[in-house]
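# Summary of structural features
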Amino acid sequence: MSLFDVARPVEAGVVRQALLRADYLRRSPASVGGPGGHKEWLHFCVYGPQIDVLVNFSLCDDVRTGAAPSAELARVTVLVRGDGWDGDVDLYAPADVAVRAGHIDAAFGQSTVVFRDGEYHISAALRERPIAVDLRLRPASMPSLANNVQLDPGPPINWLVVPRLFASGTVTVAGRQTRLEGAPAYHDHNWGHFSWGRDFAWEWGFGLPHEPECPWSLVFARLSDRAHTRAFTQALFLWKGARQHRVLRAQDLEIRHEGHLRPARILKLPRVMALLSPDLLPDVPRRLHIQGEADGDWMECVFESSDCAQVIIPNDQDLGVTIINEVSGAVRLSGLVRGETVSMEGRAIFEFLGA
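Along each chain, residue indices are assigned from 1 in the same order as the chain's sequence is written. Owing to the predicted nature of the model, reporting of local features is limited to residues with pLDDT of at least 70; listing and counting of side-chain atom pairs is limited to 80 or more, with chain, interface and lining totals taken over all residues. The side-chain values count all of the structure's non-hydrogen atoms but skip hydrogen atoms and water molecules.

### Side note on the overall build of the chain
Let me state the cut-off plainly: Under the scheme used here, helices are H or I runs from DSSP no shorter than 4 residues and strands are E runs no shorter than 2 residues, and both carry numbers assigned from the N terminus. Put simply, the radius of gyration uses C-alpha atoms, and a globule should come to 2.2 Å times the residue count raised to 0.38. Residue exposure (1.4 Å probe, protein chains only): buried if accessible area is under 20% of the type maximum, exposed if over 50%, otherwise partly exposed. In what follows, residue pairs with any heavy atoms lying within 4.5 Å of each other are defined as contacts. All tallies of charge rest on Lys and Arg as positive and Asp and Glu as negative; His and the ends of each chain are not included. All charge positions are set by atom: Lys at NZ, Arg at CZ, Asp at CG, Glu at CD.
Within the chain one finds 1 helix and 22 strands. The C-alpha atoms of the chain give 19 Å as radius of gyration, which agrees with the globular expectation for 355 residues (20 Å, within 12%). Counting only C-alpha atoms and orienting by the principal axes, one finds that the chain spans roughly 60 × 45 × 45 Å. Split into buried and exposed, the 355 residues of the chain put 55% on the buried side. Intrachain contacts of the chain at a sequence separation of at least 6 include 61% that bridge at least 24 residues. If the 36 positive side-chain charges of the chain are averaged to one point and the 43 negative ones to another, these points end up 2 Å apart.

### Overview of the confidence of the model for the chain
Applied cut-off: Confidence scores labelled pLDDT are given residue by residue by the predictor and lie between 0 and 100.
With 96% of its residues at a pLDDT of 70 or more, the chain shows a mean pLDDT of 91. Note on residues 1-8: pLDDT is under 50 here. Beyond four places in sequence and across chains, it has 20 contacts.

### Things to note about the state of the cysteines
Put simply, the rule is: Disulfides are defined as pairs of cysteine sulfur atoms found within 2.5 Å of each other.
What the rule picks out here adds up to 0 disulfides. No disulfide involves cysteine 45; its nearest neighbouring cysteine sulfur is the one of cysteine 308, lying 14 Å away. You can call cysteine 45 buried: its relative accessible area is 1%. You can see cysteine 214 has no disulfide; the closest cysteine sulfur is in cysteine 301, sitting 13 Å from it. Classification of cysteine 214 by relative accessible area gives buried; the value is 14%.

### Thoughts on the pattern of salt bridges
What counts here: Each reported salt bridge corresponds to a side-chain nitrogen of Lys or Arg within 4 Å of a carboxyl oxygen of Asp or Glu.
Within this structure, the stated rule accounts for 16 salt bridges. Among the salt bridges present, the one from arginine 81 reaches aspartate 307, with a minimum N-O distance of 3.1 Å. With arginine 81 in strand β3 (residues 72-81) and aspartate 307 in strand β20 (residues 297-314), the pair connects residues that are 226 residues apart, well separated along the chain. A cluster of three or more residues bridged by salt bridges with shared partners is formed by Asp52, Arg81, Asp307 and Arg347.

### Digging into the environment of valine 46
Counting through the fold element by element, valine 46 comes out in strand β1 (residues 38-47). Along the primary structure valine 46 and arginine 164 are separated by 118 residues, whereas in three dimensions their C-alpha atoms are 9.9 Å apart. Ignoring sequence-local partners within four residues, the contact set of valine 46 consists of Ile51, Asp52, Val53, Leu135, Leu137, Ala167, Leu180, Ala183, Pro184 and Ala185.

### Overview of the packing of aromatic side chains
In this description, an aromatic ring pair is defined by two values, namely the gap between the centres and the angle between the planes. Cut-off, in case you're wondering: Two aromatic rings from Phe, Tyr or Trp, using only the six-membered ring of Trp, form a pair when their centres are within 6.5 Å; if the ring planes differ by under 30 degrees the pair is stacked, by over 60 it is edge-to-face, and anything between is tilted. Sitting over a ring, as applied to charges here, requires NZ of Lys or CZ of Arg to be within 6 Å of the ring centre and within 35 degrees of the ring normal.
According to the stated counting rule, one finds 20 aromatic pairs in the structure shown. Judged by centre distance (5.5 Å) and plane angle (65°), the ring pair of phenylalanine 44 and tyrosine 120 falls under edge-to-face. With phenylalanine 44 in strand β1 and tyrosine 120 in strand β8 (residues 119-125), the pair connects residues that are 76 residues apart, well separated along the chain. On the accessibility criterion, tyrosine 120 (1% relative accessible area) is buried. Taking the centre distance of 4.9 Å and the plane angle of 55° together, the rings of phenylalanine 115 and tyrosine 120 count as tilted. A single burial state applies to phenylalanine 115 and to tyrosine 120, both of which are buried. Pairwise contacts between aromatic rings join Trp41, Phe194, Trp196, Phe200 and Trp202 into one cluster. When the ring centre of phenylalanine 194 is taken as reference, the NZ or CZ atom of lysine 39 above it lies at 5.2 Å. Over the ring of tyrosine 92 we find arginine 127; its NZ or CZ atom is 4.1 Å from the centre of that ring.

### Side note on helix α1 (residues 12-22)
The criterion, for reference: Note that the arc is computed from the directions linking the helix axis to the C-beta atoms.
What α1 keeps buried is the set Val15, Ala18, Leu19 and Ala22. Each buried residue of α1 sits inside an arc of 95° when the element is viewed along its axis, so together they form one side. Among the structural elements, β7 (111-116), β8, β9 (131-139), β11 (157-173) and β12 (176-193) are those in contact with the buried residues of α1.

### A closer look at the environment of alanine 101
Structurally, alanine 101 is set in the loop between β5 (97-99) and β6 (106-108). Sequence separation of alanine 101 and phenylalanine 206 is 105 residues, and the distance between their C-alpha atoms is 28 Å.

Written out as structure tokens, the structure is:
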């Protein structure tokens, strides 16, 4: 039984057109004389039976002193988790990058993301780690687009999310190939003008059910100051099948951290950045509790952290760093929405960004 058998169907062509209209690459306006400091990335996560996969294609304006006008930094980040985390961040020269504004397709050297026949095709191979990904992702939900999301008093960002896809293909690690067929997956696309190191943090994550016939999937996002004392925005999104079903926002939600994740080791990428951030005490809760209630509806979500890898980014305006904690774990969702019981258990990757 497929997802479309358990919820009101959406034709694949409708999903395809929605993605073509909304998920295209915006590109930096600096190349035509506009403001610099633009960042944009395409983010994909896949859950295989014994493996988690994260692939990120990013383009950021190069704001370093002495950088050429309108120069960009193009990176591909690949993280895989089997017995533990492995991966790397590859940086590409401008001559090796082919990206067109208004299109979804991008090529960073031999690593590519292509949108064809209503599906994403991802191919990525790291230069210095024996990791290669060749996947086809079929969207199973309508995208949700949020424009002008406020991070802090600075410029806003924009966010598109496709919470549920099915991935097929191969993931190869150190010569060992894992074949996936209909594995649950997630995609989002972010763009806007902001600087690493500003006074903001985010907690973001998604959950997909173990059972493909379960119609529920969720996305959580909270943007705050770095001290987590003031939330700029927060929301818990619920999808039923292909359609967004309910959103609880702002004062409807109560967020609570319980304990701290204390892994025995943390993969830090790029590896050289471990010299600037060597500690093993990530700012990650052992459990994240999300409770929401409004207009007779209620939902309760618990994310249980199990393992963590870090992407460490130099700040744009000072000598500090911004740490993005990629955290794998389990998620449980329960609730009552529009008179219907909501219940889901599954896997999740949550992201905790801070100093």
